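Structural characterization, general
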Amino acid sequence: MTEILARVAPGGTTIEPGFELVEDGLAARIDPARPATVRAYLPAFDQLTTGQATETVREALGHLQAFGLRPIGELRTRLVDEADWATAWQEHFHVLHVGRRLVIKPGWRRHSRTGDEVVIDLDPGMAFGTGLHPTTRLCLVALEARADRGPLGRVLDVGCGSGILSIAAVKLGGTRALGVDIDPIAIEATLANARHNRVGKRVRAREGSTPSDEGPFDTVLANLIAGVLIELAPELANELVPGGTLIGSGIFIDREPDTRRALEAAGLDIVGRRFESDWVALEARRPG
Ligand code: SAH
């Protein structure tokens, strides 16, 4: 759907997962069972062009409907005042609760931390649209559960992106995290976000991948796609201390068997599995 809308929308598109408002409407909790909303933004100065764009989209969505994927609702259009435009998009970003005590907060939202909550301040665009990607959420939930069972120790975050997992890891008690990514922009983002979250001293990041040459680590996080997890499986296993944990995410469900086989062939035991819609995260342990 984003693809279809993006064709006519120079102003970009956003995807808002289904969510329920909690905490008196101040925060949101994602509910994959609810319908998602895809929005597209286009200039409205020329009614004819906007009208044609709307028709094109309506028709294409009709074709898509025929594939019998998830049901697609009515196409709705609305005029947004230019004056509100600059900040209109901010309304779609809420404080997001993940797992039992993780809270992801866009910079301009307020949130009073309660109990043992762990709050991560992250602006959208860096890591998430209106919600986190399911693969990131799965990783965070697995990481939190792992932290609840014992210290995370030293953490390696392969494909650190915005740095969200590294930041979460040290905030959940990890002593230090090293983020590596093949994309230099990810390194900048990770370092900036770590500083912003006041964990700059405990999170390092540099361009690269495995082998990190800085192992072994107690915990390795790898939210990559299945193909890369499979390719890197032996190196990921090598980064771990005996008894260490790998959390591998980004596995589309049809690649799960291959990914399991690769991790097991690398000498790891699969000890946990989480899924959300078609995405799977696996937790593996190095024996010892
Ligand atoms: N860890 C973040 C980002 C995941 S997106 C999160 O959970 O939200 C995957 C990231 O892996 C991207 O930033 C991409 O640049 C990086 N990546 C892809 N292949 C890689 C590889 N072989 N080694 C290291 N990083 C890789």
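Reference entry: report on the structure contained in this document. (Residues numbered from 1 in each chain as written. Predicted model: local features only at pLDDT ≥ 70, side-chain atom pairs only at ≥ 80, totals over all residues. Heavy atoms only, no water.)

**Examining the site of the ligand**
Taken together, 14 residues lie around the ligand, and Thr136, Gly159, Asp181, Ser209 and Asn223 are the ones closest in. In this structure, Thr136 approaches the ligand through a side-chain N or O atom, which is 2.8 Å from an oxygen atom. Asp181 has a polar side-chain atom sitting 2.6 Å from an oxygen atom of the ligand. Its free accessible area being 580 Å², the ligand has 75% of it covered by the protein chains. Of the residues that constitute the shell around the ligand, the class distribution is six nonpolar, six polar and two charged. (Near = heavy atom within 4 Å. Polar contact = N/O pair within 3.5 Å; in protein donor to acceptor, adjacent residues only side chain to side chain. Areas by Shrake-Rupley, 256 points an atom, 1.4 Å probe, with all protein chains shown as cover. Nonpolar A, V, L, I, M, F, W, Y, C, P; charged D, E, K, R; others polar.)

**Some points on helix H8 (residues 256-265)**
Among all positions of H8, only Glu256, Thr259, Ala262 and Leu263 are buried. All buried residues of H8 lie within an arc of 130° about the axis, which places them on one face of the element. Among the exposed residues of H8, those pointing more than 90 degrees away from its buried face are Arg261 and Ala265. Contacts made by the buried residues of H8 are with helix H7 (226-238), strand S12 (240-252), strand S13 (269-276) and strand S14 (279-285). Two residues or fewer past H8, Gly267 is found with a positive phi of approximately 95°. (Buried < 20%, exposed > 50% of the residue type's maximum accessible area, 1.4 Å probe, protein only. Helix = DSSP H or I, 4+ residues; strand = E, 2+ residues; numbered from the N terminus. Arc of directions from axis to C-beta. Contact = heavy atoms within 4.5 Å.)

**Some remarks on the pairing of strand S5 (residues 95-98)**
Burial along S5 is two-sided: the residues Val95 and His97 and Leu96 and Val98 are all buried. Bridge count between S5 and strand S6 (residues 102-105): three bridges; the pairing is antiparallel. Residue pairing for S6: Leu96 is matched across the bridge by Ile104. Where S5 folds back on S6, the antiparallel hairpin that results is connected by three residues, among which Gly99 adopts a positive phi of roughly 65°. (Pairing = 2+ DSSP bridges.)

**A few points about the pattern of salt bridges**
Per the counting criterion, the structure on display carries 14 salt bridges. For Asp31, the salt bridge is made with Arg34, and the minimal N-O distance between the two is 3.1 Å. Here Glu283 and Arg149 are joined by a salt bridge, their closest N and O atoms 2.6 Å apart. One end of the pair, Glu283, is in strand S14; the other, Arg149, is in helix H4 (residues 134-149), with 134 residues separating them in the sequence. Judged by its relative accessible area of 6%, Glu283 is buried. Via salt bridges that share partners, Arg100, Arg101, Asp116 and Asp148 belong to a single interconnected network. (Salt bridge = Lys/Arg side-chain N within 4 Å of Asp/Glu carboxyl O.)

**Here's the deal with the packing of H7 against H8**
Here H7 crosses H8 at 15°, and the two axes come no closer than 8 Å. Considering their axes alone, H7 and H8 lie roughly parallel with respect to each other. As for the relative orientation of H7 and H8, their crossing is left-handed in sense. Contacts from Ala226, Leu229, Ile230 and Ala233 of H7 reach H8 at Asp258, Thr259, Ala262 and Leu263. Partitioned by chemical class, the residues of the contact of H7 with H8 number six nonpolar, one polar and one charged. (Axes fitted to C-alpha atoms, helices over the stretch in contact; angles between N-to-C directions. Parallel < 35°, antiparallel > 145°, perpendicular 65-115°, else oblique. Left-handed = near helix turned anticlockwise from the far one by under 90°.)

**Things to note about the sheet that holds S14**
In spatial order, the strands read S10-S9-S8-S11-S12-S14-S13; together these seven strands make up an open sheet with mixed pairing. In this open sheet, the two strands that pair with only one neighbour each are strand S10 (203-207) and S13. Taken pair by pair, the neighbouring strands of this sheet meet at an average axis angle of 15°, ignoring direction. Pairing geometry for S12 and S14, over six bridges, is antiparallel. Its bridge partner lying in S14, Thr245 is registered against Arg285. Along the sheet, helix H5 (residues 164-171) makes contact with strand S8 (154-158), strand S9 (176-181), S10 and strand S11 (217-223), crossing S9 at roughly 175°. Along the sheet face, helix H6 (residues 184-196) touches S9 and S10 and points at about 170° away from the line of S10.

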